[in-house]
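Structural overview for review
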Number of protein chains: 2
Amino acid sequence: MALLNTDHSGLSRRPGARVAADRATQDSLRKHNLAVVFTTIMAADPSALLSRADLAERTGLTKGTVSALVQQLIGLALVAEGPPEQPRGVGRPAIPLAPAGRTAVGLGLEVNVDYSGFRAIDLTGAIVAEQVERENFRGSDPEAVLGRLFRQARACAAALEAEGMRIVGTGLALPGLADHPQGPLRLAPNLGWSETDIRSIAEKAATAREPGLPAPTQTKTAALVAYLTVDNEANFAARAELLCRGAGRPASFIYLSGAVGVGAALVIGGQVFSGGHGWAGEIGHTIVDPAGPRCACGARGCLEQYAGTRAIVRAAGLPADSGIDSLLDRLDRPAGDDGPCQAALTTAARALGIALASAVNLVDIPETVVGGDLMPLTKRLAPGILAELRERVVAARWIGHDLVVRPAKSGRYAAMTGAAWHALSRVIADPASLLSAPAA
Amino acid sequence: MALLNTDHSGLSRRPGARVAADRATQDSLRKHNLAVVFTTIMAADPSALLSRADLAERTGLTKGTVSALVQQLIGLALVAEGPPEQPRGVGRPAIPLAPAGRTAVGLGLEVNVDYSGFRAIDLTGAIVAEQVERENFRGSDPEAVLGRLFRQARACAAALEAEGMRIVGTGLALPGLADHPQGPLRLAPNLGWSETDIRSIAEKAATAREPGLPAPTQTKTAALVAYLTVDNEANFAARAELLCRGAGRPASFIYLSGAVGVGAALVIGGQVFSGGHGWAGEIGHTIVDPAGPRCACGARGCLEQYAGTRAIVRAAGLPADSGIDSLLDRLDRPAGDDGPCQAALTTAARALGIALASAVNLVDIPETVVGGDLMPLTKRLAPGILAELRERVVAARWIGHDLVVRPAKSGRYAAMTGAAWHALSRVIADPASLLSAPAA
């Protein structure tokens, strides 16, 4: 009975709640302890895996309890044993425990303005399947685009299940405002989508009979729809960025997700802060110039009219639909005809600096991480951004060394990674939930 | 032993921490339980005070333990017994327990651009002493101004102690960036102060021999300096606003503190969010127009150049030093010569709307509370602010009913109230800390 009553949070307690042990059944205790052991294994540094004895020491559980729980996690295919290590003292060799690869899998889906696709990730963080299509989805039909994506995801799920993997959940990243956790999508200005019933589209795609696909079973439907989470792409991408940073001091940064729109996620002490409705981070609509050009959101002079990829490419005199790659190509050429490109980047950097200065003044988070399509431009944008920050952030003189602008480590399609990991995190927090679902 | 192991937080536990009970001594358990009982008494609705039996039920402690702890709190003069109530069933009449008035007192000090002063508040929230002087402190000498204020506070402390009260701590509110918790003050642009060593000024004032004051004793020095917290005035004022709202669903709002500068505090779920360095909320330096007038911070086009009281008064064609009261007087006059005042308010409202729209887009907190010198203007400013919010907040269509602008309930000098309450909150969280300090 000890563990349920033990404070694992490090947080101070508040009065008024009832004694938890009164309600605790043996069953919920076992579930809780299973989660404690699994999250401890997942949180371990891959270069210093934990043995059963290490787990007993870290969790305060007895060695016998830990052994039984580890056996259960191995039975659920969530944990794998590594080769035994030489014992440090006398006694049997310690067996290192690691997250199991290619067993439980999270699916991360994304539709953005010029691509859509998905990524499947296992508990080790490895990508076990991926499919991305580049296409212009501005003004597209959400039912057609999402229906196709969910059917592709279902085909992928079937293929992975045939290889013995199990889809434990799905995350869908969209460039807009979605109700948490399953929609509807309220608005994605740059897609031209609004009031889109994600869940019913997903259900239809998951249960329709498809040529070339096995008949839908309850298992696959459950994974694709019942455990579906819809969120803003910047929020998911920021989670992927946190994953890349690994353990250590909880990070705080503003994650900028650059595409046709400019999204952001506020990461505070290792957590994504998403606000009252889950809609925080809309930095793309910070007003850079109240008399500026009209934005897709209806207002004037929003940041993304200066620093969105389409705005940059247009300002550089390149075809508006050609995407940021055309700009990168031009910048890489040895010839000296990149004047308009440089000017477009100067304008974008200044606008980013103005918007970020207001954000840093407001939330006191001095680090900016540049992700998405703007990531390859970070080095070129950073000096202009920093110049504005140093002029406009009130505390610049004291936090000058913290005012940094760095490229995201999470790479392209980070939102897919974050969405897939979010799906896995449900199982990491409650591995016992897999006991009730039939195995794949 | 039960209580320390009981989860009072309602928060989920994280693995990895050691079993708390291992370290818990009888002493720390008693301290913890004393705090649990006291915070429960303090959190009760004044119209529904708790008896010892109610406390036992809410905290999960035995009636015997509760009685002993309540006796200790009464002995510390933190809790008082009310008149016995008729019993609901059989048994003895229940004795309601309430925070004790005029015993433990927190001191809240403030220097702002055109006033300075302090407020002493007891555990019932009553103001037991107050002193405010209106004066222009722009470009003043921090050592002279703060030294005088701390000496006044010391005289007040001596007077209150002579009446049997006990100063348990001090909060100092300043319109700028201060290191937490005791300074130095880094920058207060509108005072023209920077790098000011608050603690040494406070120590000097608290220990100097003063004509007409009793010789400084260790008690008074400890209360005024050892338990001194320096913070931004908007953060303290937002705490006062939270107090006025009382219990219930934890509130989230942007508290605007209008003076010569425009400060803000982000209140998220009943807590003031103060950022990595404690410097969040500098909304006054949100860029309204990048080519606008030069600000005291060095940048251009900051919000406070349009919506600070000095800017409004100047735009209204009134003497810049005359303060917001001159504008209020002019608006109250029946004659129709208030055109320039109306125009100044239109400009201020638009600037506030632009800055708040960027803030709401970023942090998804749709409620704005207008405090400080701008509070009496809320009704006149709100329509213009809301028009900008409705145009510029991306989620406006869905959170329209949440987009509200209301006057602060905490009244004038709210930062002093918040600072005094902050000083009291240390004792509320740890009443046993008074056991080691000699009684006044």
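Anyway, here's the lowdown on the structure attached to this text. Fair warning: this is a prediction, and the values are worked out from it, not measured in the lab.

1. A word on the overall build of chain A
Scanning chain A for helices and strands turns up 16 helices and 15 strands. Sorting the 440 residues of chain A into buried and exposed places 56% on the buried side. Contacts spanning at least 24 positions in sequence make up 63% of the contacts within chain A whose residues lie at least 6 apart. Total accessible area on chain A stands at roughly 17,400 Å², and carbon and sulfur atoms take up 52% of it.

2. Digging into helix α2 (residues 26-43) of chain A
Residue and element names in this part refer to chain A. Taking 1.5 Å as the rise per residue, α2 with 18 residues should run 26 Å; its terminal C-alpha atoms sit 26 Å apart, in good agreement. Among all positions of α2, only Leu29, His32, Asn33, Leu34, Ala35, Val36, Val37, Phe38, Thr40, Ile41 and Met42 are buried. Looking at the buried residues of α2, the elements they touch are α3 (52-59), α4 (63-75), β1 (79-81), β2 (97-99) and α15 (414-429).

3. Structural notes on the pairing of strand β10 (residues 228-232) of chain B
Residue and element names in this part refer to chain B. Counting buried positions along β10 yields five of five residues, so the element is predominantly enclosed. Summarising the sheet, strand β6 (residues 166-174) and β10 pair through five bridges and their orientation is parallel. By the bridge assignment for β10, Leu172 is matched with Val230.

4. Points about the sheet that holds strand β5 (residues 127-134) of chain A
Residues and elements named next belong to chain A. Ordered by their spatial adjacency, five strands build an open sheet running β5-β4-β3-β6-β10, and the pairing between neighbours is mixed. Because the sheet does not close on itself, it has two edges, and the strands there are β5 and β10 (228-232). Neighbour-to-neighbour, the strand axes of this sheet turn through a mean angle of 15°, independent of strand direction. By the bridge criterion, seven bridges tie strand β3 (residues 104-111) to strand β6 (residues 166-174) in an arrangement that is parallel. Looking at β6, one finds that Glu110 is bridged to Ala173. This element, helix α8 (residues 233-245), spans β3, β6 and β10 of the sheet and lies at about 100° to β10.

5. Digging into the pairing of strand β4 (residues 115-122) of chain B
Residues and elements named next belong to chain B. Of all the eight residues making up β4, eight are buried; the element is thus mostly covered by neighbouring parts of the structure. Connecting strand β3 (residues 104-112) to the antiparallel partner β4 that follows it, the hairpin turn spans two residues. For β4 and strand β5 (residues 127-134), the ladder comprises seven bridges, and the chain directions are antiparallel. Residue Phe118 lies in a different strand from β5, and its bridge partner there is Gln131.

6. Regarding unusual backbone geometry
The residue after B:His180, namely B:Pro181, is reached through a cis peptide bond having omega 0°. Counting through the fold element by element, B:Pro181 comes out in the loop between β7 (177-178) and β8 (185-188). Omega for the bond connecting B:Gly183 with B:Pro184 falls within 30 degrees of zero, at 5°, which places this linkage in the cis form. Relative to the helices and strands, B:Pro184 resides in the loop between β7 and β8. Phi angles above zero are rare outside glycine, and A:Ala77 is one such case at about 65°. On the secondary structure map, A:Ala77 appears in the loop between α4 and β1. The phi angle at A:Glu195 is positive, at roughly 45°, despite the residue not being glycine. With respect to the helices and strands, A:Glu195 occurs in strand β9 (residues 193-196).

7. Observations regarding the sheet that holds strand β11 (residues 253-258) of chain B
Residue and element names in this part refer to chain B. Spatially, the five strands line up as an open sheet ordered β13-β12-β11-β14-β15, and their pairing is mixed. Every interior strand has two partners, whereas the edge strands, β13 (271-273) and β15 (404-407), have only one. Direction aside, neighbouring strands of the sheet carry axes that sit 30° apart on average. Taken together, the five bridges between β11 and strand β14 (residues 367-372) define a ladder with parallel strand orientation.

8. Description of the state of the cysteines
All names here are of chain A. If you walk through the whole model with that rule in mind, you get zero disulfides over all chains. Here Cys295 stays unpaired: no disulfide links it, and the sulfur of Cys297, its closest cysteine neighbor, is 3.9 Å away. What makes Cys295 buried here is its relative accessible area of 6%.

9. Quick look at the packing of helix α2 (residues 26-43) of chain B against helix α15 (residues 414-429) of chain B
Residue and element names in this part refer to chain B. Packing of α2 against α15 leaves a shortest axis separation of 8 Å and a crossing angle of 135°. By the angle between their directions, the pair α2 and α15 is classed as oblique. Here α2 contributes Ala35, Phe38, Thr39 and Met42 to the contact with α15, which in turn contributes Trp421, Val427, Ile428 and Ala429. When its residues are assigned to classes, the contact of α2 with α15 shows seven nonpolar, one polar and no charged.

10. Overview of the pattern of salt bridges
Residue and element names in this part refer to chain A. Counted under the stated rule, the structure contains 38 salt bridges over all chains. Its salt-bridge partner being Arg199, residue Glu203 comes within 3.1 Å of it at the nearest N-O pair. On the criterion of helical spacing, the pair formed by Glu203 and Arg199 is a turn pair, its members being four residues apart in helix α6 (residues 198-207). By relative accessible area, which is 31% here, Glu203 ends up partly exposed. One salt bridge in this structure joins Asp321 and Arg310, with 2.9 Å as the shortest N-O distance. Linking Asp321 in the loop between α10 (309-315) and α11 (323-332) with Arg310 in helix α10, this pair joins segments that are eleven residues apart in sequence. For Arg310, a relative accessible area of 15% puts it in the buried group.

11. Notes on the packing of aromatic side chains
Following the criterion strictly, the structure yields two aromatic pairs over all chains and no others. It is A:Arg426 that lies over the ring of A:Tyr227; its NZ or CZ is 3.3 Å from the centre.

12. Focus: the environment of B:Asp197
Residues and elements named next belong to chain B. Mapping Asp197 onto the fold places it in the loop between β9 (193-196) and α6 (198-207). The class for Asp197 is partly exposed, based on a relative accessible area of 42%. In this structure, the C-alpha to C-alpha distance between Asp197 and Val363, residues 166 residues apart in sequence, is 33 Å. A polar contact is formed between the side chain of Asp197 and the backbone nitrogen of Ser200, at a distance of 3.2 Å.

Conventions and cut-offs
- Residues numbered from 1 in each chain as written.
- Chains lettered and ligands numbered in written order.
- Predicted model: local features only at pLDDT ≥ 70, side-chain atom pairs only at ≥ 80, totals over all residues.
- Heavy atoms only, no water.
- Helix = DSSP H or I, 4+ residues; strand = E, 2+ residues; numbered from the N terminus.
- Buried < 20%, exposed > 50% of the residue type's maximum accessible area, 1.4 Å probe, protein only.
- Contact = heavy atoms within 4.5 Å.
- Areas by Shrake-Rupley, 256 points an atom, 1.4 Å probe, with all protein chains shown as cover.
- Expected span 1.5 Å × (residues − 1).
- Pairing = 2+ DSSP bridges.
- Axes fitted to C-alpha atoms, helices over the stretch in contact; angles between N-to-C directions.
- Disulfide = S-S within 2.5 Å.
- Parallel < 35°, antiparallel > 145°, perpendicular 65-115°, else oblique.
- Nonpolar A, V, L, I, M, F, W, Y, C, P; charged D, E, K, R; others polar.
- Salt bridge = Lys/Arg side-chain N within 4 Å of Asp/Glu carboxyl O.
- Phe/Tyr/Trp six-rings, centres within 6.5 Å; stacked < 30°, edge-to-face > 60°.
- Lys NZ or Arg CZ within 6 Å of the ring centre and 35° of its normal.
- Polar contact = N/O pair within 3.5 Å; in protein donor to acceptor, adjacent residues only side chain to side chain.

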